[in-house]
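So you can see what is in the structure, the chains are spelled out below.
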Amino acid sequence: MDNRFIASDGIGLAVHELGGGPDGVPIVLQHGFSATTQTEWVDCGIAARLDGLGRRVVGLDARGHGASDKPHQSRFYGEARMAADIRELATHLGFARYDLVGYSMGAVIALLVATDEPRLRRLAIGGVGEGVVACGGVDRRALDNRLLAAAMRADDISGFPAHVRGFRTGAEARGNDCLALAAHADVVHASPIALDRIAVPTLLLAGDVDPLAVRPEILAAAIPGARLVLVPGDHGSARTGPGFVAALAGFLG
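This report concerns the structure included in the present document. Counting of residues starts from 1 at the beginning of each chain's written sequence and follows it residue by residue. pLDDT decides what is reported in this predicted model: residues at 70 or higher carry local features, side-chain atom pairs at 80 or more are listed and counted, and totals for whole chains, interfaces and linings draw on all residues regardless. Neither water nor hydrogens contribute to the side-chain values; these are computed over all heavy atoms in the structure.

A word on the side chain of His-31
Every helix listed is a DSSP run of H or I at least four residues long, and every strand listed is a run of E at least two residues long, numbered separately from the N terminus. One can find His-31 in the loop between strand S3 (27-30) and helix H1 (37-42). Pairs of N or O atoms within 3.5 Å make up the polar contacts considered here, provided that, within protein, one atom can donate a hydrogen while the other can accept it, and that residues adjacent in sequence are counted only when both atoms are side-chain atoms. Within polar-contact distance, the side chain of His-31 engages the backbone oxygen of Ala-35 at 3.4 Å. Within the local environment of His-31, its side chain forms a polar contact with the backbone nitrogen of Ala-62, the two atoms lying 3.0 Å apart. Here a residue-residue contact requires only that any non-hydrogen atoms of the pair lie within 4.5 Å. For His-31, the residues in contact, after removing those within four places along its chain, are Thr-36, Thr-37, Glu-40, Trp-41, Leu-60, Asp-61, Ala-62, His-65, Tyr-103, Met-105 and Gly-106.

Below, the structure written as structure tokens:
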């Protein structure tokens, strides 16, 4: 069952009920840039594995993504605004406590939530590493947000670096509104995150050859008590491997 709620700034957001029972602490899933709840969590079987824990599992399509509204103005975007969406979703659904899982852009969103959310019980993040400490968000040294925004707006992407072209073609293949994605890329989070304020058990999952999650031990060390699990794969394949979902389900279970 899917539904929508209206964020405090008027943007409509799509909420996906992914299974589970009424007992226990709910799990909220937040996907990454140019992905959706369906492509990030459902298609690869992660949502089904978490459903097996017997707890309610909810996925949020970030603004500009999936079935959520897609304005083209950058003022509606940024991970801090998306973190507010998570908190508002928890209030909308009446959650007294919840666990939060985020990948890539979703991991930055989840970290921002965790710095100031008394209802959070556990935090699991993936697809990020030292870049969060050095850059305040997704590692702009590996993926320049200015180039990414330009590629999302370009009529011809042949002159862009291969990894940027890959993001654009992947976004188009998933049916994204590229102008909405460009609006977010303009304002990605780039200021220090108060990682030392995170006071919940935290799991960091990182692919061993993920260029966006290099030196994840530096990020893990910046979060009090965080546990790091390295899994095989790059930014795409690490999340879909059996080690990722096994570690995630074990941590949340």
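From this point on, the discussion continues.
Looking at unusual backbone geometry
The backbone phi angle of Ser-34 is positive, close to 70°, even though this residue is not glycine. Tracing the sequence through the fold places Ser-34 in the loop between S3 and H1. In the Ramachandran plot, Ser-104 falls in the positive-phi region, its phi being about 60° despite a non-glycine side chain. Mapping Ser-104 onto the fold places it in the loop between strand S5 (98-103) and helix H4 (105-114).

Considerations on the packing of helix H6 (residues 145-153) against helix H7 (residues 162-173)
Axes here refer to lines fitted to C-alpha atoms; in helices the fit is confined to the stretch in contact. Angles between the N-to-C directions go from 0 to 180 degrees. Direction vectors running N to C along H6 and H7 enclose 45°, while the axes themselves pass 9 Å from each other. If you check the angle between H6 and H7, you find them oblique. Regarding H6 and H7, the two cross each other, and that crossing is right-handed. Note on element contacts: H7 touches H6 through Val-164, Phe-167, Arg-168 and Ala-171, opposite Leu-147, Leu-148, Ala-151, Met-152 and Arg-153. Lys, Arg, Asp and Glu make up the charged group, whereas Ala, Val, Leu, Ile, Met, Phe, Trp, Tyr, Cys and Pro make up the nonpolar group; the residues left over, Gly among them, are polar. A breakdown of the residues in the contact of H6 with H7 according to their chemical character gives seven nonpolar, no polar and two charged. Relative orientations are named as follows: roughly parallel for angles under 35 degrees, roughly antiparallel for angles over 145 degrees, roughly perpendicular for angles from 65 to 115 degrees, and oblique for any other angle. Crossings are classed by handedness, with left-handed meaning an anticlockwise turn of the near helix from the far one by less than a right angle and right-handed meaning a clockwise turn.

Here's the deal with the packing of aromatic side chains
Paired rings are identified among Phe, Tyr and Trp, the last through its six-membered ring, by centres lying within 6.5 Å, and are further divided according to the angle between planes into stacked (under 30 degrees), edge-to-face (over 60) and tilted (the rest). Throughout the structure, instances matching the rule amount to three aromatic pairs. Each ring, one from Phe-33 and one from Phe-167, has its centre 6.4 Å from the other, and the planes form 45°; the classification is tilted. Note that Phe-33 is positioned in the loop between S3 and H1 and Phe-167 in helix H7, a separation of 134 residues in sequence. For the ring pair Phe-95 and Tyr-98, a centre distance of 6.3 Å and an interplane angle of 40° mean the geometry is tilted. Both residues of the pair, Phe-95 and Tyr-98, count as buried. To sort residues, take the accessible area from a 1.4 Å probe on protein chains only and compare it with the maximum for the residue type: under 20% means buried, over 50% means exposed, and anything in between is partly exposed.

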